[in-house]
Structures are given as structure tokens and as C-alpha cells.
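Summary of structural features
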Amino acid sequence: MPSRKRAQGKARMKAKAMAKTKTAVAEAATNQQQELSSLMQQIYMCNHGHVPWQVDICAKFASELLNEYNATINRGDSPSPSPRTHTIKSLQAMNSKEEYSEVWNDAGKMKLLVAYFLSLGTKHATEENMWAARVYAHYACFFEEYIASELNNTQASMNRAKMVELLCASDDHTLISYLKHRIPCTCLNEMYKQVKSTKKMGLCFNEHCSHPDRMVDRDTMLNCTRCRSANYCSRECQVADWTRHKKMLCDEVAKAIASFNFKQNSKLSQI
Ligand SMILES: [Zn+2]
Ligand SMILES: [Zn+2]
Ligand SMILES: [Zn+2]
């Protein structure tokens, strides 16, 4: 090959190699930039207390629970399709699954779920998506109450009134205050300032209550002294609901309270 041609060939190869190196450098730079921006995101975007899942079974549990929730809504098979029916049905479905018994029996794993749902609730509240925030807060509250009454035995039974109010209360004060006092960050402080002067509302447990959406100023409500799990707007509503409430909830909770008190007293007498 004449030397000129060889030189041209060499130059072409060199140019090709240079182009290749340039592309590789550009790719590396893009990758680096992407890594940097994801790192920045991790630093600057708050997770509101939820650390990326380290326990696979909890991640699986949470995602299946949300699938169950969506499935109950899509099926529309509940006789009275209230938000409460959907969340309760999805929790019942999960509780009946044997593969998750290690989650249901482990307070540590349950706490991870609480943190996860608090974080989701906070995220949606900051985006003013209050409906979703309520659902997530309700799940967090359910697991919190479950840990206290079923796993740690620090209270006689789950506080149903609190769980219901988070989901159904028409005011944002109840919801934002619940979340704000449980997350480790200050992401809801501003929002809390705006809503804290609004009245906290409560749900009258009488299904035939005449108040709009059965909502009343919480400070004026009467509480069932036997179970402490039901609130009413008036004595009339409490009397009207008594037969149903006694059968559905009150007897069961009253029994749990009696047995809890008995255990506490025998613990004390042993000391
Ligand atoms: Zn935050
Ligand atoms: Zn009422
Ligand atoms: Zn009661």
C-alpha cells in the first residue's frame, strides 16, 4: 500500500477512535450527572420518616395491601360502599393470609408499616390530595393501634373512634395534626399552622344521625362510657344506636377492657 494511503487509513482509524472515546466520555458524564441528581434527590427530597425498605416481606405486604384496597373499590361488592368498608375489607383480607403472619406477629415489622403509611399520608397531604392522605393515615393508625392492643398489650383494645375519625372527619385539622405529630420532619408545620384553628370534627356513630354527614364539633360529643369506642352527637343518638352498638362493638370491647384490667391488677398484686 502506498504510504499516503496508509497515512489516510491511519488518520481515519484515529478519528474513529477519537469519536468513540468522545461518546464514552459523554455517556460517562451523563451517567455521573444522573447519579448526582438522584443523590441530590435523596438528600433534598424528604421521605417523611420512611427509609427505603430493608425488609422485603414488609414491602410486599404494603404493596399487596394497596392492591387489595383498589380491588375492593373496583369490585364494588360492599353493601354500603363507604371508605371505611374498603380499608377494613383490605385489612381483613391481608390478616387472613398465612404468608404474612410473620408481619402480623412482629411489632418491629408493623412499625415499619406505620412509618411507611405515615410517609405516604404526608406526601399526599403536602400535594393537597386529602382523600388519599386520609386513607394512608387510617392504615398507619390501624397498625399503631394493633401494635398497642394486640402485640404489646399496652391498651385493652384498638381505638376505633380514632381510626374512624381520621378517615371520615371532614376537617383537615384532625388529619394534619395526626400526621404532623408522628413524622420526624417539619414538612407539615406550615400546613398545620393553617388548619389548627379549624374545629376538629367527629363522626356520630348513630347511622341515622340527622347532622350532615353525621359530623359534629368533637368537643361537644358524648363518648360511650362502657367501651369508649363510640362517639355521639347527643344522648338521643346514643339511645337510638344502643341495641346495634351493643351487639356490634360494645360487648366485645367491654369484655376486652375487663380482661385487660384483670391482667393489669394481677400483675400489680404479684409485685
Ligand atoms: Zn418530610
Ligand atoms: Zn348523632
Ligand atoms: Zn360502647
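Look a little higher up for the structure.
Residues numbered from 1 in each chain as written. Chains lettered and ligands numbered in written order. Predicted model: local features only at pLDDT ≥ 70, side-chain atom pairs only at ≥ 80, totals over all residues.

1. Some points on the nonpolar core
The condition that has to hold: Note on terminology: a nonpolar core is any set of buried Ala, Val, Leu, Ile, Met, Phe, Trp, Tyr and Cys residues joined through C-beta atoms within 7 Å. In this scheme every C-beta is placed from the backbone, and a residue whose C-beta has 20 or more other C-beta atoms within 10 Å is buried, one with 12 or fewer is exposed, and one in between is partly exposed. Labels follow the DSSP assignment, with helices taken as runs of H or I lasting at least four residues and strands as runs of E lasting at least two, numbered in each case from the N terminus. Domain extents, as shown, originate in an automatic or database domain assignment. This entry defines residue contacts through backbone-placed C-beta atoms, with two residues in contact when those atoms are within 7 Å.
Counting residues in hydrophobic clusters, the biggest one holds 49 residues, and the most contacted among them are Leu 113, Phe 117, Ala 137, Ala 140 and Leu 175. Within the residue set of this core, elements represented by two or more residues are α2 (56–75), α5 (107–126), α6 (130–151), α7 (160–168), α8 (172–180), β1 (201–203) and α10 (235–270). There are two domains that each give this core at least three residues, and those are domain 1 (53–198) and domain 2 (199–271). Those residues in contact with Ala 137 that lie beyond four places of it in its chain are Gly 121, Leu 166, Leu 175, Tyr 178 and Leu 179.

2. Regarding unusual backbone geometry
A negative phi angle characterises most non-glycine residues, just as the trans form characterises most peptide bonds. Although it is not a glycine, Glu 128 sits at a positive phi angle of roughly 60 degrees. Along the chain, Glu 128 falls in the loop between α5 and α6. Glu 128 gets classed as exposed once you count the C-beta atoms within 10 Å, which come to 9. The phi torsion at Asp 213 lies on the positive side, around 55 degrees, for a residue other than glycine. Mapping Asp 213 onto the fold places it in the loop between β1 and β2 (215–217).

3. Re the packing of α5 against α6
Going by this rule: Under this scheme, a helix contributes an axis fitted over its contacting stretch, all axes are lines through C-alpha atoms, and angles between N-to-C directions fall in the 0 to 180 degree range. Throughout, the term roughly parallel applies to angles under 35 degrees, roughly antiparallel to angles over 145, roughly perpendicular to angles from 65 to 115, and oblique to all others. Definitions for this section: a left-handed crossing has its near helix turned counterclockwise from the far helix by less than a right angle. A right-handed crossing has that turn clockwise. All amino acids are sorted into three groups, where Ala, Val, Leu, Ile, Met, Phe, Trp, Tyr, Cys and Pro are nonpolar, Asp, Glu, Lys and Arg are charged, and the leftover types, Gly among them, are polar.
Remark: α5 packs on α6, axes separated minimally by 8 Å, with the N-to-C direction vectors making an angle of 160 degrees. Classified by the interaxial angle, the pair formed by α5 and α6 is roughly antiparallel. At the point where α5 passes α6, the crossing takes the left-handed sense. Mapping the contact onto sequence places Ala 107, Met 110, Lys 111, Leu 113, Val 114, Phe 117, Leu 118, Leu 120, Gly 121, His 124 and Ala 125 in α5 and Met 130, Ala 132, Ala 133, Tyr 136, Ala 137, Tyr 139, Ala 140, Phe 143, Glu 144, Tyr 146, Ile 147 and Leu 151 in α6. Of the residues that constitute the contact of α5 with α6, the class distribution is 19 nonpolar, two polar and two charged.

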